[in-house]
Amino acid sequence: MPKHDKLKILEGSRAIAMAVAACRPGVVAAFPITPQTHIVEDLARFKAQGTLDCQFLRAESETAAASMVLGAAAAGERAYTATSSQGLLHMLEVVYNIAGLELPVVMTLANRSLSAPINIWNDLSDAMAMRDAGWLMLFAESAQEAIDMHIIAFRLAAELQLPVAVNVDGFLLTHTSEPACPPDSDAVQKFLGPKLPPALQTSHPRSLGTLADTEQFQGLKLATAAKLTGADKLINKVFAEYYKTMDTGSLTNYSSTNNGLLEWYGPKKAQTAILVTGSVAGTFKTSLQENHPDIALIRLKTFRPFPEGDLKKLCSGLKNLAVLDRAISNGAEAPLTAEVKAALYGSNLNINSMVCGLGGKTISQATIAQIIKMAAKKISKPIIIDL
Amino acid sequence: MIEIRIHGLGGQGVVTAAEILALAGWQFGFWTQAMPSFGPERTGAPVSASLRFADAPVLTRAPIARPDWLILTTDKALSNPDTLAGIDRRAKLLINSSANSATLSAKIAKLKAKIYTLDAKKIADDLASPLAANSALLGGWAAVSGLIDLESLQSAIAEKFSDKKNELIQINQQAAKEGYRQLYAQTR
């Protein structure tokens, strides 16, 4: 058991706040919403205690918070915000602007369902609502990986000049206390490198966010999209460098089966795999270890850019793939399944869509047993797991 | 792996109790995980937390279905049917109650689980600090479970309340000690 001196029992939100503070953001702006609130409360506490030197802006709404970090990032500050669910919907207009303007904002999205009916618990509906905006989207499994991904996010945002959202499961990760290695701020600064020149500076005046006419718009939009799509190599490079240089208390690492984009867990020659994202992966790993040693798990760590090429390679020896969707797309196939199918178009793989965990519905060993039972069947409709 | 569920009412510090036990178990040498399960904050609504003590990293985040231990911060939690879900004869219960275990056992006789009680409220009231009842209860649990020692619990209390006044830490540590003392005597 990794009984590292540096490990401490940390609530997920506290771990994230410590990682963000270690990145020394110039501006933090947020509006409280469950289950994200503990993160910014902790950052406010650090600021009050004097351990975090930043502008902490208490916004009057999420739209305002997002606008504040947009401006701060344009002026060259490391800018951070956090939200969940309806809060993200409230910011969405600005979320698209941040990506379109290619500004290096970092956001934590503590994943929660969307209203109505109102529900505060976890699923990935909010993440799916921003998937087309143009942000890099990472999904953390544990408190330690949430620390890792937030630090990596600041580095990627700066290097790519694109915003990064780190997704963490509401309650399951944000409110769970478990061992993690608090980051060393000096090591983090070294890893992040110097701040880049801002988009807006008085010495080189330029306009940001001007009208793009019909001749320019398509090209500009596609250029931003291409930058995101082409980020996969850099993502792997930055993850590799992070795990080479940073102390994670041996809890997380980088390997040939666990890179910046995807993790493969379980037997190499498995015929059936389950594809999941986020912290429920841990529940699946436990279940596979104990009861289903012949099944593999594929964990999507980077959702944007979607790691099409790597996923194809990982799936090349499989016969069956069950895709776990913790969100739906009203009127169409569940979003993750649809994307996986598109990525694997033309293969003979039997892909089944499993929908469960909406609004915090428990994903138990029984849920997983049911998913495994159905995984090898040929079923054209989504399978709703409702135990 | 030892799986523990704590049940009580909103405002009683169920989540804090779970976090303190996670710290204490970690200090004692276990890998620990504390996972609260609660809704929008409402005083008096049922609250529970799942807690795992293990010899290796815990990956699962499923709620605990069949606990080895059930700790109730109030015997009122027994009137909520969810409290006793998954409890069978192998489970052990520790209940904060002024009633003795025989009276409570009769009430939930069909469980056949081992029941311990501690009047944690009285311990806390005697210290003129009603909020310290959970610390007394956790002290009692350390004694009856034998899974952690009093020292780990007391240092966990100090860590959890490190931003609070020293006096508050000491009262909670005292409550833990008294809870430990009372149940240690009863079970050894």
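For the structure itself, look to the data block above.
These figures come from a predicted structure and were not determined experimentally.

## So, the interface of chain B and chain A
Taken residue by residue, the interface counts 25 residues in chain B and 31 residues in chain A. Summed over both partners, the interface of chain B with chain A comes to about 2200 Å²; 61% of that surface belongs to carbon and sulfur atoms. Summed over the three residues of chain B that lose the most area to chain A, namely Trp26, Leu59 and Arg61 of chain B, the buried surface amounts to 34% of that side. Here chain B and chain A share two salt bridges between them. Lys8 of chain A serves as the salt-bridge partner of Glu159 of chain B, at 3.9 Å between the closest nitrogen and oxygen. Across the contact surface, chain B and chain A share six residue pairs in polar contact (both at pLDDT 80 or more). For the side of chain B that touches chain A, the elements supplying multiple residues, two or more each, are helix H1 (14-28) and strand E2 (31-37) of chain B. No other element matches E2 of chain B, which puts six residues into the side of chain B that touches chain A. Looking at the side of chain B that touches chain A residue by residue, the classes come out as 16 nonpolar, five polar and four charged.

## Observations concerning the sheet that holds strand E10 (residues 272-276) of chain A
Residues and elements named next belong to chain A. Taken in spatial order, the six strands make up an open sheet running E9-E11-E10-E13-E14-E15, and their pairing is mixed. In this open sheet, the two strands that pair with only one neighbour each are strand E9 (262-265) and strand E15 (383-384). Of the pairings in the sheet, the one linking E10 to strand E13 (residues 320-325) comprises four bridges and is parallel in character. Bridge assignment links Leu275 to a residue of E13, and that residue is Val323. This element, helix H11 (residues 308-315), spans E9, E10, strand E11 (296-300) and E13 of the sheet and lies at about 10° to E9. Across the sheet, helix H12 (residues 335-343) is in contact with E10, E11, E13 and strand E14 (350-355); its angle to E13 comes to roughly 145°.

The rules behind these values
- Residues numbered from 1 in each chain as written.
- Chains lettered and ligands numbered in written order.
- Predicted model: local features only at pLDDT ≥ 70, side-chain atom pairs only at ≥ 80, totals over all residues.
- Heavy atoms only, no water.
- Contact = heavy atoms within 4.5 Å.
- Buried area = accessible area lost by both parts, 1.4 Å probe.
- Salt bridge = Lys/Arg side-chain N within 4 Å of Asp/Glu carboxyl O.
- Polar contact = N/O pair within 3.5 Å; in protein donor to acceptor, adjacent residues only side chain to side chain.
- Helix = DSSP H or I, 4+ residues; strand = E, 2+ residues; numbered from the N terminus.
- Nonpolar A, V, L, I, M, F, W, Y, C, P; charged D, E, K, R; others polar.
- Pairing = 2+ DSSP bridges.
- Axes fitted to C-alpha atoms, helices over the stretch in contact; angles between N-to-C directions.

By themselves, these are just geometric observations and shouldn't be taken as functional.
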